[in-house]
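These are the residues of each chain, in order.
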Amino acid sequence: MNRVRAATWAGVAAIVLWSSLALLTVATGPLPPFQVLAIGFGIAGLCGTALTAARGRVGWREWRVPPAALALTSAGLFGYHALYFFALKRAPAVEANLINYLWPLLIVLFSALLPGVRLRAGNVVGALLGFAAAALLIAGGASATAGQGALPGYAAALLAAVAWAGYSVLNRRFADMPGSAVVPACLVVALLGALAHLAFEHTVLPSVPQWIALAVMGLGPVGIAFRLWDRGTRHGDLALLGSLSYLAPLLSTALLIAAGRTQTRWTQAVAVVLLTVGAWLSMRASATPRGQPPDAPE
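Keep in mind the model is a prediction, meaning the values are calculated, not measured.

Another point: the overall build of the protein. On a plain count of helices and strands, the protein comes out with 14 helices and zero strands. Written out in order from the N terminus, the α and β elements of the protein read α-α-α-α-α-α-α-α-α-α-α-α-α-α. Counting across all 298 residues of the protein, residues that qualify as buried make up 50%. Long-range pairs, those at least 24 residues apart, make up 89% of the contacts in the protein between residues at least 6 apart in sequence. Per element, the accessible surface of the protein, about 13,300 Å² overall, is 71% carbon and sulfur.

As structure tokens, then:
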């Protein structure tokens, strides 16, 4: 039980780090999405490699992971972040960010596919509230922008949510893998990002503030956060982590607004309320022991 609790807290720490990802992405300005992906994960991979080297043979031994595990982690990290960075550069930041944060709700839904896990009424109602929030954000964001140029960004944000939720649940299959096994996946993602950048984008030389944003991104939300999340999704309470993940959009939105990176609209506030209520219902349902009614005393 202590192991599960510690792993769950590791996942919560990752959620807190991820709350800064939207602000850091916006801070990269006009840098192309795949270039941001390649540099961010390149920094994360190099730092992880240095830590592995410092541990000697024990560290290098942990890189020996099944090809299926490496493929899943690489595909999950690359697909999610490529879609996420594209979304934040093509659609209003707050709206795209909040739509992306449907992934905690989707984790709760997808976790029902795991053996011994079933959905409850609170999970389903929470999911419906989350999708209502996404619809409101898309409608509100579209009315505040000219034309339909933001729609690809909204679509990418929704696909990013599906990609990350699917990866988080499938990652449960490799519960015995060490957390440092994510480092080679970061290097693979950096390589894929660089190849995609060279194929589809024009290189933009980052400014000093953009380099700082990329460095912080590589060390935090796309670095240590993934080792923490990897541990949380493999050994922690997956449904509870999915519910607690709603802390991230609240913190993330607050950071964007506090930094003056977005204009506030009433639809954002309503969507945050819907997401929060949905999270509370889902978390309450997930935390209630089987056979015990929600209002029963501990």
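Our focus in this paragraph is the pattern of salt bridges. Within this structure, the stated rule accounts for one salt bridge. A salt bridge links Arg55 to Glu62; the nearest nitrogen and oxygen atoms lie 2.9 Å apart. A relative accessible area of 42% means that Arg55 is categorised as partly exposed.

Another point: the packing of helix α7 (residues 103-110) against helix α9 (residues 151-170). It is the contact of α7 with α9, at a shortest axis distance of 8 Å, that shows an interaxial angle of 45 degrees. Taken together, α7 and α9 sit at an angle that is classed as oblique. Remark: the crossing between α7 and α9 carries right-handed chirality. Residues Trp103, Leu106, Ile107 and Phe110 of α7 lie in contact with α9, whose contacting residues are Ala161, Val162, Trp164, Ala165, Gly166, Ser168 and Val169. Of the residues in the contact of α7 with α9, the class split is nine nonpolar, two polar and no charged.

The first and last C-alpha atoms of helix α1 (residues 2-18) sit 25 Å apart over 17 residues, in line with the 24 Å expected at 1.5 Å per residue. Restricting attention to buried positions, one finds in α1 the residues Ala7, Thr8, Ala10, Gly11, Val12, Ala14, Ile15 and Trp18.

If you trace the backbone, Ser168 turns up in helix α9. With a relative accessible area of 0%, Ser168 lands in the buried category. Within the structure, the side chain of Ser168 is placed 2.9 Å from the backbone oxygen of Trp164, a separation counted as a polar contact. Among residues more than four places away in sequence, those in contact with Ser168 are Ile107, Trp229, Thr233 and Leu238.

As a further point, take the environment of Phe226. Examined against the element boundaries, Phe226 turns out to sit in helix α11 (residues 208-235). Classification of Phe226 as buried rests on a relative accessible area of 3%. Distance from Phe226 to Ala10, taken between C-alpha atoms, is 9.9 Å for residues 216 residues apart in sequence. Setting aside residues no more than four positions away along its own chain, Phe226 makes contact with Trp18, Phe41, Leu77, His81, Trp164, Val182 and Pro221.

In the contact formed by helix α5 (residues 67-90) and α9, the axes pass within 8 Å of each other and the chain directions differ by 160 degrees. When the interaxial angle is binned, α5 and α9 end up roughly antiparallel. Where α5 crosses over α9, the handedness of that crossing is left-handed. Residue-level inspection shows Leu72, Thr73, Gly76, Leu77, Tyr80, Leu83, Tyr84, Phe86, Ala87 and Arg90 of α5 in contact with α9, the latter providing Pro152, Gly153, Ala156, Ala157, Leu159, Ala160, Ala163, Trp164, Tyr167 and Leu170. Looking at the contact of α5 with α9 residue by residue, the classes come out as 16 nonpolar, three polar and one charged.

Conventions and cut-offs
Residues numbered from 1 in each chain as written. Predicted model: local features only at pLDDT ≥ 70, side-chain atom pairs only at ≥ 80, totals over all residues. Heavy atoms only, no water. Helix = DSSP H or I, 4+ residues; strand = E, 2+ residues; numbered from the N terminus. Buried < 20%, exposed > 50% of the residue type's maximum accessible area, 1.4 Å probe, protein only. Contact = heavy atoms within 4.5 Å. Areas by Shrake-Rupley, 256 points an atom, 1.4 Å probe, with all protein chains shown as cover. Salt bridge = Lys/Arg side-chain N within 4 Å of Asp/Glu carboxyl O. Axes fitted to C-alpha atoms, helices over the stretch in contact; angles between N-to-C directions. Parallel < 35°, antiparallel > 145°, perpendicular 65-115°, else oblique. Left-handed = near helix turned anticlockwise from the far one by under 90°. Nonpolar A, V, L, I, M, F, W, Y, C, P; charged D, E, K, R; others polar. Expected span 1.5 Å × (residues − 1). Polar contact = N/O pair within 3.5 Å; in protein donor to acceptor, adjacent residues only side chain to side chain.

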